[in-house]
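Fold and geometry: a report
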Amino acid sequence: HHKGGEPSQRMLRVAELIRHAAAELLTRGAVEDPVLANHVVTVPSVKMSPDLKLATIYVMPLGGKDTAPVVAALERHRKFMRGEIAHMINMKFAPEIRFRIDESFENAAKIDALLARPEVRRDVDKDDGGDAT
């Protein structure tokens, strides 16, 4: 991130190119691995380091199952994927890549569960329809 803490336009553009390339590689089965052959893996987001030398690729197996084996399989094929992505996005220097599980869906589910709890519903309803005195 540059000074403001927000990613630059260039970081966002490169991240999106890498996200598309990684998703395409996984979709067409270019990475030959028995673990990956049995999972549909989505690539919800990619974050770039400010110097564009490291791409963190966030992945999620469909259904959220077997996250550890899927990340391990992707890590095993990191070198191959880095080379393929470099060709696809046509950058002078291919960034290092690493894989992480995308926690955003899980976090959203936890928030939904919290909001659904009776004591929270009661407080929210009180604020919404309360009398304006």
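Here, the structure is the one placed above.
The notes below deal with the structure included here. (Residues numbered from 1 in each chain as written. Predicted model: local features only at pLDDT ≥ 70, side-chain atom pairs only at ≥ 80, totals over all residues. Heavy atoms only, no water.)

1. Describing the overall build of the chain
Here is the rule we go by: Under the scheme used here, helices are H or I runs from DSSP no shorter than 4 residues and strands are E runs no shorter than 2 residues, and both carry numbers assigned from the N terminus. Only C-alpha atoms enter the radius of gyration; for comparison, a globular chain is expected to reach 2.2 Å times N to the power 0.38, where N is the number of residues. Each residue gets one of three labels from its accessible area relative to the maximum for its type: buried under 20%, exposed over 50%, partly exposed in between, using a 1.4 Å probe on protein chains only.
Along its length, the chain carries six helices and three strands. Of the regular secondary structure in the chain, the N- to C-terminal order runs α-α-β-β-α-α-β-α-α. Here the C-alpha atoms of the chain give a radius of gyration of 20 Å, more than 25% beyond the 14 Å that 2.2 N^0.38 yields for 133 residues. Projected onto its principal axes, the C-alpha coordinates of the chain cover approximately 65 × 40 × 20 Å. Burial status across the chain gives 29% buried among its 133 residues.

2. Let's talk about the sheet that holds strand β3 (residues 96–101)
Note the following rule: At least two bridges found by DSSP between two strands are what make those strands a pair. The angle between two axes is taken between their N-to-C directions and runs from 0 to 180 degrees, where each axis is a line fitted to C-alpha atoms and a helix contributes only its stretch in contact.
Here three strands make up an open sheet; going across it, the order is β1-β2-β3 and the pairing mixed. For this open sheet the edge positions go to β1 (41–48) and β3, each flanked by a neighbour on one side alone. Shown here is a sheet whose adjacent strand axes are inclined to one another by a mean of 30°, direction ignored. In terms of strand pairing, strand β2 (residues 54–61) meets β3 through six bridges, oriented parallel.

3. Digging into unusual backbone geometry
Unlike most non-glycine residues, L52 shows phi in positive territory, near 65°. Mapped onto the fold, L52 is located in the loop between β1 and β2. Positive phi values are uncommon outside glycine, yet D66 reaches one of about 55°. One can find D66 in the loop between β2 and α3 (67–76).

4. Structural notes on the pairing of β2
Most of β2 is tucked away, with six of its eight residues classed as buried. As paired strands, β1 and β2 are joined by six bridges and run antiparallel to one another. Note on β2: the bridge partner recorded for S45 is Y58. In sequence, β1 turns back onto β2 through a hairpin of five residues, with L52 there showing a positive phi of about 65°.

5. Describing helix α1 (residues 9–27)
Count 3.6 residues to each turn of an α-helix, and residues three or four apart come out pointing the same way. This is how it is decided: Helix span is expected to be 1.5 Å times the residue number reduced by one. It is the directions from the helix axis to the C-beta atoms whose arc is reported. Residue contacts are defined here by distance: any two heavy atoms, one from each residue, within 4.5 Å place the two residues in contact.
Here α1 spans 27 Å end to end across 19 residues, near enough to the 27 Å set by a 1.5 Å rise per residue. If you check which residues of α1 are buried, you get M11, V14, A15, I18, A21, A22, L25 and L26. Down the axis, α1 shows its buried residues gathered within 130° of arc, on one side only. In α1, those exposed residues whose orientation departs by more than 90 degrees from the buried face are Q9, R13 and T27. Next to the buried residues of α1 lie α2 (34–37), β1, β2, α3 and α4 (78–89). Once α1 ends, the next one or two residues include G29, with phi positive near 70°.

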